[in-house]
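A structural walkthrough
One-letter residues, chain by chain:
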Amino acid sequence: MVANTLKSTALALILMAGLTAQSFAADPSLDLVAPLADYKIYVAENTEQLVKDTEAFVAAIKANDVAKAKALFAPTRTSYEKIEPIAELFADLDSSIDARADDFEQKEADPTFTGFHRIEYGLWVEGKTGEIQGYADQLLKDIKTLNERINGLTFPPEVVVGGAAALMEEVAATKISGEEDRYSRTDLWDFDANFAGSQKIYTLFRPLIADKNPDFVKKVDANFAEAGAILKKYQKDGGYVSYVELSDADRKVLATKVNTLAEDLSTLRGQLGLN
Amino acid sequence: MSKLNKPGDDIAQAGTSRRDLLKGLGIGVGAGVASVIGAGQVAAAPMVGDAPKADADTSAQRVPFYGAHQAGIVNPRPAAGIIASFDIVATDLDQFETMMKLLTARIAFLTAGGAVAMRDPKLPPEDSGILGPDIAPDNLTVTVGLGDSFFEKTDWGKALKPNALDRMTQFPNDALDAALCHGDLSLQFCANTPDTAIHALRDIMKSLSEYLVMNWMMPGDVPQAKPAADGTTPSARNLLGFRDGSGNPDSTDEAKMRQVVWVTPENGEPGWALGGSYQVVRLIRNKVEHWDRTPLQEQERDFGRRKISGAPLDGGPNATERDVPDYSKDPEGKVTSFLSHIRRANPRTPETEANLILRRPFNYTSGALKNGQIDQGLIFICYQADLGMGFITVQSRLNGEAMEEYFKPFGGGYFFVLPGVSGPGDYLGSTLVSAARSL
């Protein structure tokens, strides 16, 4: 989780100014302004972190340090996975940053397969950095572009609020099965980041619905807590153990939590009156 | 499209515009294409996107949900089926009870049919909508069974597990795929149309997302058959082209069903299980390409019946599938081979009467195999009061049968179908929950 709410007051003021001027000119629901501004700060902090981490990750690859690059792979991704609902708004970048081999007919051999997972394949399967130097440069370039674009973005409220459920749909459809980080088996890092990103959105908007729908927030709170408790069992040295260590029983409990959170959080936009 | 104002206008206007279009293409429109169905209304020639017509009579068919036994076992198989296996995520007995009540409520609604509840359009709709705003019962049944793994999870489950229930084990000809075997819960959906079955499956998965994780599923069908010359309905054909089910015990004979299918006090099962039944599911690939290249006389010898009529091999030219073979006159297996499917499955001796089972299978077709052949076969499902005396004994006799060359079982599991739901206040598994509470 992000430690500091605000990196600097100046940053916060700029973001607030941007939001007031752009996104809420039409018909703002005043209640949504504060949580949306907070979320924009959360995203900005994560993209800033992502740029910094990617620089270190890419530097390790450029230095041909496979061990260090492997160690930095999962933690670098977490900032991306936390803000995926926003990052995915830029389909071209999402595809070049986070596509998986399944997205290509020629799988790993496809020259247009780039980004984190192509690099992951290089580090874990090919076991060398020679092939992936170019992909590493491209990744850093893409991440910097993403950062710029997000900083200039007016956050659509329905995308932000809908992001809580969207992250759970991600986990339900492609993460729970262990398809995401198939070479490094660092999937649990992504789970954790997706949960954190979803929970952040939910927590920011929770005060707006808690009084109206106490049963709903009670159930969602409990499901986040239970999913978190299961993930916690697999934490090690500030990160996570391999996906292969996730027991079948825990995977199934997580699947029910993820699906139920997706079901419940899919009503969040409607509960807040968003289209 | 034309502008439509009143409901009565649309048919006439749409009809006119389609006719105009056809005229413009130089195609004549005769009475056979557009027939007058009322004053000022003309039935349009069917268009490519028009839905096939639903049958009002079969859509309205309703199988009673409440009763001593669950539906979907002795009532006739409709044309569509799905078998699905789930794991149950419920931490204690209270959660299990809540889950079973919820499951009961969904099945009671879906099998009765009715209007779909409407929600604020800002929210996701409550229903998938694939059947439209009104759910027709369409002969739907949902049959619920519990697997060995469910009972083995808890102390109360272990104490109350039906005596004969076990984890399905590999038979010599099997090639089981772990991803397609076993499960805590089985749901068998049967309906007149596949859409009704799929709709029910999706409804239950959405409603019970907190408790159920799907392990595997397989949709299947029962091919239609014309009535026989004498007015009787023949058994459906399997994908080998043979009639399947000719030798089934009479499912309309209640006494016979008590003996063959339903758990009664004579079975020595725990009291909560009375009225239930053992369900066996076997996913069996048929090597249809090889089979279709096998001479007819060999197919009939291996199966033990005539292919067209389904009659046993010792019958005359007018014999039917209902005729019973007389093996006492064929002690050396010269007419009906000892390796044939039907003689192994049911040798028709006084001792083997105790091994009768009620088969209720579906055919399946599931895409292409890596070898370029069709993945096609049978979702074998059968019911019996005693798993060991029933399927396990029958299958053990079948080990080594001639048909093994064309069969490859690859999935399935054993389940115990819960007793029926007595009425609106009751729920599936209530006797099990009560028994667990009084342990």
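Residues numbered from 1 in each chain as written. Chains lettered and ligands numbered in written order. Predicted model: local features only at pLDDT ≥ 70, side-chain atom pairs only at ≥ 80, totals over all residues. Heavy atoms only, no water.

With that out of the way, let us pick up the interface of chain B and chain A. Of the residues lining the interface, 12 residues belong to chain B; the matching set on chain A comes to 15 residues. Summing both sides of the interface, chain B and chain A together bury roughly 1,100 Å²; the carbon and sulfur share of this comes to 61%. Counting every contact that joins chain B to chain A gives 3 salt bridges. Note that Glu263 of chain A and Lys206 of chain B form a salt bridge whose closest N and O atoms lie 2.8 Å from each other. Viewed at the interface, chain A and chain B are joined by 6 residue pairs in polar contact (both at pLDDT 80 or more). Its residues assigned to classes, the side of chain B that touches chain A comprises 6 nonpolar, 2 polar and 4 charged. (Contact = heavy atoms within 4.5 Å. Buried area = accessible area lost by both parts, 1.4 Å probe. Salt bridge = Lys/Arg side-chain N within 4 Å of Asp/Glu carboxyl O. Polar contact = N/O pair within 3.5 Å; in protein donor to acceptor, adjacent residues only side chain to side chain. Nonpolar A, V, L, I, M, F, W, Y, C, P; charged D, E, K, R; others polar.)

All names here are of chain B. For Asn75, the position within the fold is in the loop between helix 2 (56–59) and strand 3 (80–88). Only 3.3 Å separates the side chain of Asn75 from the backbone nitrogen of Ile73, close enough to count as a polar contact. Each residue touching Asn75, except ones within four places of it in the same chain, is listed here: Val63, Thr141 and Arg360. (Helix = DSSP H or I, 4+ residues; strand = E, 2+ residues; numbered from the N terminus.)

What follows concerns the environment of Ile357 of chain B. Topologically, Ile357 of chain B is positioned in the loop between helix 10 (341–345) and strand 10 (358–359). Placed 25 residues apart in sequence, Ile357 of chain B and Cys382 of chain B show a C-alpha to C-alpha distance of 6.4 Å.

This next bit is on the side chain of Arg282 of chain B. Residues and elements named next belong to chain B. Its location among the elements puts Arg282 in strand 9 (residues 277–286). With relative accessibility at 1%, the residue Arg282 sits in the buried group. Within the local environment of Arg282, its side chain forms a polar contact with the side chain of Asp174, the two groups lying 2.8 Å apart. Those residues in contact with Arg282 that sit more than four places away from it in its chain are Met168, Phe171, Asp174, Leu378, Ile379, Phe380, Phe391, Gln395, Pro409, Gly411 and Gly412. (Buried < 20%, exposed > 50% of the residue type's maximum accessible area, 1.4 Å probe, protein only.)

Even without glycine at this site, Arg185 of chain A takes up a positive phi of about 60 degrees. Residue position: Arg185 of chain A is located in the loop between helix 8 (157–175) and helix 9 (187–209). Residue classification places Arg185 of chain A among the partly exposed residues on the basis of a relative accessible area of 21%. The backbone of Arg348 of chain B shows a phi angle near 55 degrees, a positive value even though the residue is not glycine. Among the structural elements, Arg348 of chain B can be located in the loop between helix 10 and strand 10. Taking relative accessible area as the criterion, Arg348 of chain B reaches 32% and is therefore assigned partly exposed.

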